[in-house]
Amino acid sequence: MDRFDAMQAFARVVESGSFTKAAHTLHMSRTTVTQLVQQLEARLRVKLLHRTTRTVKVTADGAVYYERVVRLLADVDDAETSLSTAAAAPRGHLRVDVPSPLARLILIPALPAFHAQYPDIQLDLGVSDRVVDIVGDNVDCVVRGGTLTNPALIARHVGDLALRVYAAPSYLQRAGVPEHPQVLEDSQHHYTVGFLWARTGKPLPFSMRRGAEQVQAQGRYVCAVDDGNAYLAAGLAGMGVLWLPDYMAGPHIASGELVPLFEDWTMDPMPLYVAYPPQRHVSAKLRVFIDWVAELMARHAPVGARGAGQ
């Protein structure tokens, strides 16, 4: 038995809650992972995991051992990256999940500069607006906007996305220009484009303020989507009023494809975070990636950015 492989296998099973998922992320067969954990238990003479046909749970002894294993694996990683060549050039495989519009418009166009600076880091970039099982899917970190619902994650606040309200000229010609946000709630002539948030599967209202006046606007929709790029496309096609961060709307305002609405109203910016599991050691490759995202967003949507009219 390779004790290092066995400890890695055990730690990954604990984190993912599954032998199958652990095997997938370690690029091993499920049988191999099972055998490694069994051999580790035999060597320690301690039961580390409770197994049923449906679940895998860590025992009390296994939980204590897991904490030590995580620290040991982190120390090994530190020892490798502390070498002069590794410290100067972080390397390895990094799995990241980011929202689709942010990837298309900001992160991917900037990746050549990241690669030039860190040529030995290999990125697997998941591009989606879905909720990712960051531990079960063995993702090193996620970039997400809005309120984080998992308090166990460690999060770094890297940006604030200023939000505004827009519509396509074709929509305004057909439905007219709404003069007040409340019109979106009350009028039978106006529609919004619905965005189905992954956490709830439902559109959420947006809050707008003007002085002491505040409106929660959601409106009626004839089209709702669960992807940011599709959301923008629906708005450009004239399917309704939509809320967008500045980085998504900017090129389309310049081209005349979108028209700003309610310009004397304000909206709270959407916070943007990079989040990762608390058990996950922040390796050199992950640290430089997070720093790079923070520097990138400081140019596009710095922390403290304010919404329209503020």
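Residues numbered from 1 in each chain as written. Predicted model: local features only at pLDDT ≥ 70, side-chain atom pairs only at ≥ 80, totals over all residues. Heavy atoms only, no water.

Draft legend 1. How the structure looks around the pattern of salt bridges. One pass over the structure, following the stated rule, counts eight salt bridges. With a closest N to O distance of 3.7 Å, R12 and E15 form a salt bridge. Residue R12 and its partner E15 are both found in helix α1 (residues 3-16); the two are separated by three residues, about one turn of the helix. By the burial criterion, R12 is buried, and E15 matches it. In this structure, the salt-bridge partner of R210 is D264, at a minimum N-O distance of 3.0 Å. Placement of the pair is R210 in strand β9 (residues 206-210) and D264 in the loop between β13 (259-261) and β14 (266-267), with a sequence separation of 54 residues. What emerges from the salt-bridge pattern is a single network uniting R210, E213 and D264. (Salt bridge = Lys/Arg side-chain N within 4 Å of Asp/Glu carboxyl O. Helix = DSSP H or I, 4+ residues; strand = E, 2+ residues; numbered from the N terminus. Buried < 20%, exposed > 50% of the residue type's maximum accessible area, 1.4 Å probe, protein only.)

Draft legend 2. Here's a closer look at the nonpolar core. Of all hydrophobic cores here, the largest spans 59 residues; its most connected members are W243, L244 and M297. Considering each element in turn, this core owes the most residues, nine residues, to helix α11 (residues 284-300). For M297, the contacting residues outside a window of four places in its chain are L102, I106, V158, G159, L161, L272 and P302. Core analysis: the next-biggest nonpolar cluster, separate from the first, contains 21 residues, A11, A22, L26 and Y66 among them. (Core = buried A, V, L, I, M, F, W, Y, C linked by side-chain atoms within 4.5 Å. Contact = heavy atoms within 4.5 Å.)

Draft legend 3. Main features of the confidence of the model for the protein. Confidence along the protein averages 87 in pLDDT terms, with 91% of residues attaining 70 or more. Least confident of the elements in the protein is helix α5 (residues 84-88), whose mean pLDDT is 54; most confident is β13, at 97. (pLDDT = per-residue confidence, 0-100.)

Draft legend 4. Quick peek at the sheet that holds β13. A sheet is described by the order of its strands in space; here three strands give the open sequence β12-β7-β13, paired in antiparallel fashion. With one partner strand each, in any of the chains shown, β12 (242-245) and β13 form the two edges of the open sheet. The average undirected angle you get between the axes of adjacent strands in this sheet is 55 degrees. Pairing analysis gives three bridges linking strand β7 (residues 163-167) to β13, with the strands arranged antiparallel. Its bridge partner lying in β13, V165 is registered against L261. (Pairing = 2+ DSSP bridges. Axes fitted to C-alpha atoms, helices over the stretch in contact; angles between N-to-C directions.)

Draft legend 5. Broad picture of the pairing of strand β15 (residues 270-276). A large share of β15 lies buried, amounting to six of its seven residues. Sheet topology note: the strand β5 (residues 141-145)/β15 ladder contains four bridges and is antiparallel. Its bridge partner lying in β15, V143 is registered against V274. Sheet topology note: the strand β6 (residues 154-161)/β15 ladder contains seven bridges and is antiparallel. Within the sheet, the bridge partner assigned to L161 lies in β15 and is M270.

Draft legend 6. Seen up close, unusual backbone geometry. Positioned with a positive phi, R45 is a non-glycine residue whose angle comes to about 60 degrees. Secondary-structure assignment places R45 in the loop between α3 (30-44) and β1 (49-51).

Draft legend 7. Structural detail: the sheet that holds β9. Overall, antiparallel pairing links the three strands, which are arranged β10-β9-β14 in an open sheet. At either margin of the open sheet sits one strand with a lone partner, and together these are β10 (213-217) and β14. Note that β9 and β14 share two bridges and pair antiparallel. Looking across to β14, one finds that R209 is bridged to T266.

Draft legend 8. Representation of the side chain of H190 in the model. Among the structural elements, H190 can be located in the loop between α8 (182-186) and β8 (192-195). Within the local environment of H190, its side chain forms a polar contact with the side chain of Y171, the two groups lying 2.7 Å apart. Ignoring sequence-local partners within four residues, the contact set of H190 consists of Y171, A175, G176, V177, P178, V183, L184 and R220. (Polar contact = N/O pair within 3.5 Å; in protein donor to acceptor, adjacent residues only side chain to side chain.)

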